[in-house]
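Residue-level structural notes
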Amino acid sequence: MKNILIISFSDLKSDPRVYRQIMFLKDKFKITTIGYKDPEIEGVEFLQVVPKNSFFDKIYSAWILTSRNFEKYYWFRYDFSEVLNKLRNRKFDLIIANDVDSLPFAFKIKGDAKILFDAHEYSPKEFEDSFKWRFFFQKYKIYLCNKYINKVDCMITVCDGIAKEYEKNFGVKPTVVTNAPFYEDLKPSNVDENKIKIIHHGGAIKARNIEKMIDLADYLDDRFTLYFMLVPTDPNYYEYLKKYAEKKNIVFLEPVKMQDISKKLNDFDIGVYILNPNGFNNLNALPNKLFEFIQARLMLAIGPSPEMAKIVKEYDLGIVSDDFEPKTLANKINRLKKEDIIYYKNNSHIAAKELCAEKNKEILISLIEELLT
């Protein structure tokens, strides 16, 4: 059995893309993982690495970054000593490096292993809406991309727009493996034409400008109730959103485990997402939640984000707004009849068998088998 090492500087249990990678491969290969938190998957070995987070460490890290000593920054930022000690004399056939930050470590320990790089986003523009990120981190990310990307044996990413940007700027041709979750054996729920339930779920993250989706409630007719199932990623922002939504026809729900999202959403009718296009990655996003809506057998109502709009239009899953303003999308939603919603939910039911993780598993295993032959 071939040995595969999966590296991701994240909580492996709640990182959907990495968690699926492990699930795809665990029965066919011997899997070792490195990350912040254990994926808690039977038979999968976990080694922990965490960034240094003391006040001194952060100040010193910032100073190194501003001096553009990127190599020194990288090897100071994380304490790899324990992991390196545990990996001494270990050999892997393949290393899967998630996000560009994991590439220096992957190359340090690679030996004869092949390296598959999974770019979850376009790293040089990861948080380009933030001046702080642009000042401290953008040149660092570009440095990592320039140094390592052309050395990997295979590269994947989440959508066509990001793949094309990497090809344009770094001369690589990533294979697209979407963020679709596993297939759910569900059916579209019944639609009550007088109580149509619209839901948005995800992290309470300021850059996503969730207020715009809350503002939908101001323009929807009284057939519609808007629900939010948010993870309080930013607790202060989450509390602000709840206050912002007061006196509107809005209900906040407690989040569920990642693996239960689509089953929970199945009780609703329309999945909504207006993603603020405040940077390249947000404009070109093709997120988990779009596919979770589909697995939940919901109709979709989204802003004109090109990658999401392409899926919605290709499979005829719902409506795409003409702009990113809530009133524009609300006007389209208000024109819906019960029969329209049923039609789109049924189309999601058909598309769910195609837009699922099982299809991506076939792509990933095919790439790996080719690398390892």
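All of the points below concern the structure found in this document. (Residues numbered from 1 in each chain as written. Predicted model: local features only at pLDDT ≥ 70, side-chain atom pairs only at ≥ 80, totals over all residues. Heavy atoms only, no water.)

For the protein chain, the count of helices and strands is 17 helices and 13 strands. In summary, the protein chain has a C-alpha radius of gyration of 22 Å against a globular reference of 21 Å for 373 residues, a match within 12%. With respect to the three principal axes, the spread of C-alpha positions in the protein chain is 65 × 45 × 40 Å. In the protein chain, buried positions account for 54% of the 373 residues. Counting contacts in the protein chain only where the partners sit at least 6 residues apart, residues at least 24 apart contribute 69% of the total. (Helix = DSSP H or I, 4+ residues; strand = E, 2+ residues; numbered from the N terminus. Rg over C-alpha atoms; globule rule 2.2 N^0.38 Å. Buried < 20%, exposed > 50% of the residue type's maximum accessible area, 1.4 Å probe, protein only. Contact = heavy atoms within 4.5 Å.)

Now for the sheet that holds strand β4 (residues 94–98). If you trace the seven strands from one edge of the open sheet to the other, you get β3-β2-β1-β4-β5-β6-β7, paired in parallel fashion. Every other strand in the sheet has two partners, leaving β3 (45–48) and β7 (175–176) as the edge strands with one partner each. Examined bridge by bridge, strand β1 (residues 3–7) and strand β2 (residues 30–35) share five bridges and lie parallel to one another. If you follow N3 over to β2, its bridge partner there is K30. Relative to the sheet, helix α8 (residues 160–170) contacts β5 (114–119), β6 (154–157) and β7, its axis offset from that of β6 by approximately 140°. (Pairing = 2+ DSSP bridges. Axes fitted to C-alpha atoms, helices over the stretch in contact; angles between N-to-C directions.)

A separate point is the pairing of strand β10 (residues 250–253). One ladder, built from four bridges, connects strand β9 (residues 224–231) with β10; its direction is parallel. Counterpart to F228 in the pairing with β10 is F252. Handedness of the β-α-β unit built from β9, helix α10 (residues 235–244) and β10 comes out right-handed. (Right-handed = clockwise from strand over helix to strand, strands pointing away.)

Let us now look at the side chain of S102. In this fold, S102 is placed in the loop between β4 and α5 (103–109). One polar contact links the side chain of S102 to the main-chain carbonyl oxygen of N98, over a distance of 3.0 Å. Once residues within four sequence positions are removed from consideration, S102 is found in contact with I7, F9, Y74 and A97. (Polar contact = N/O pair within 3.5 Å; in protein donor to acceptor, adjacent residues only side chain to side chain.)

What follows concerns the packing of aromatic side chains. Counting across every chain of the model gives 32 aromatic pairs. Their ring planes at 55° and their centres at 6.5 Å tell us that F136 and F137 sit as a pair that is tilted. Here F137 falls in the partly exposed class, since its relative accessible area comes to 23%. Taken together, a centroid distance of 5.3 Å and an interplanar angle of 65° make the contact between Y343 and Y344 edge-to-face. (Phe/Tyr/Trp six-rings, centres within 6.5 Å; stacked < 30°, edge-to-face > 60°.)

With their axes 10 Å apart at the nearest point, helix α1 (residues 16–25) and helix α17 (residues 357–372) run at an angle of 70° to one another. As far as their axial angle goes, α17 and α1 are roughly perpendicular. In this structure, α1 meets α17 at a crossing whose hand is right-handed. Seen from α1, the contacting residues are R20, Q21, F24 and L25; seen from α17, they are A357, N360, K361, L364, I365 and I368. Its residues placed into classes, the contact of α1 with α17 shows six nonpolar, two polar and two charged. (Parallel < 35°, antiparallel > 145°, perpendicular 65-115°, else oblique. Left-handed = near helix turned anticlockwise from the far one by under 90°. Nonpolar A, V, L, I, M, F, W, Y, C, P; charged D, E, K, R; others polar.)

One pass over the structure, following the stated rule, counts 21 salt bridges. Residue D160 is joined to K310 by a salt bridge in which the shortest nitrogen-to-oxygen separation is 2.9 Å. Pair noted here: D160 is in helix α8 and K310 is in helix α14 (residues 306–315), with a separation of 150 residues, a long-range link. Notably, a salt bridge pairs E184 with K263, separated by 3.6 Å at the nearest N-O pair. Residue E184 is found in the loop between β7 and β8 (196–203), and its partner K263 is found in helix α11 (residues 261–265); the two are separated by 79 residues along the sequence. Overall, K263 belongs to the partly exposed group, its relative accessible area being 40%. Each of D101, E126 and K141 takes part in one network of salt bridges that share partners. (Salt bridge = Lys/Arg side-chain N within 4 Å of Asp/Glu carboxyl O.)

Any functional reading would require information that these geometric values do not contain.
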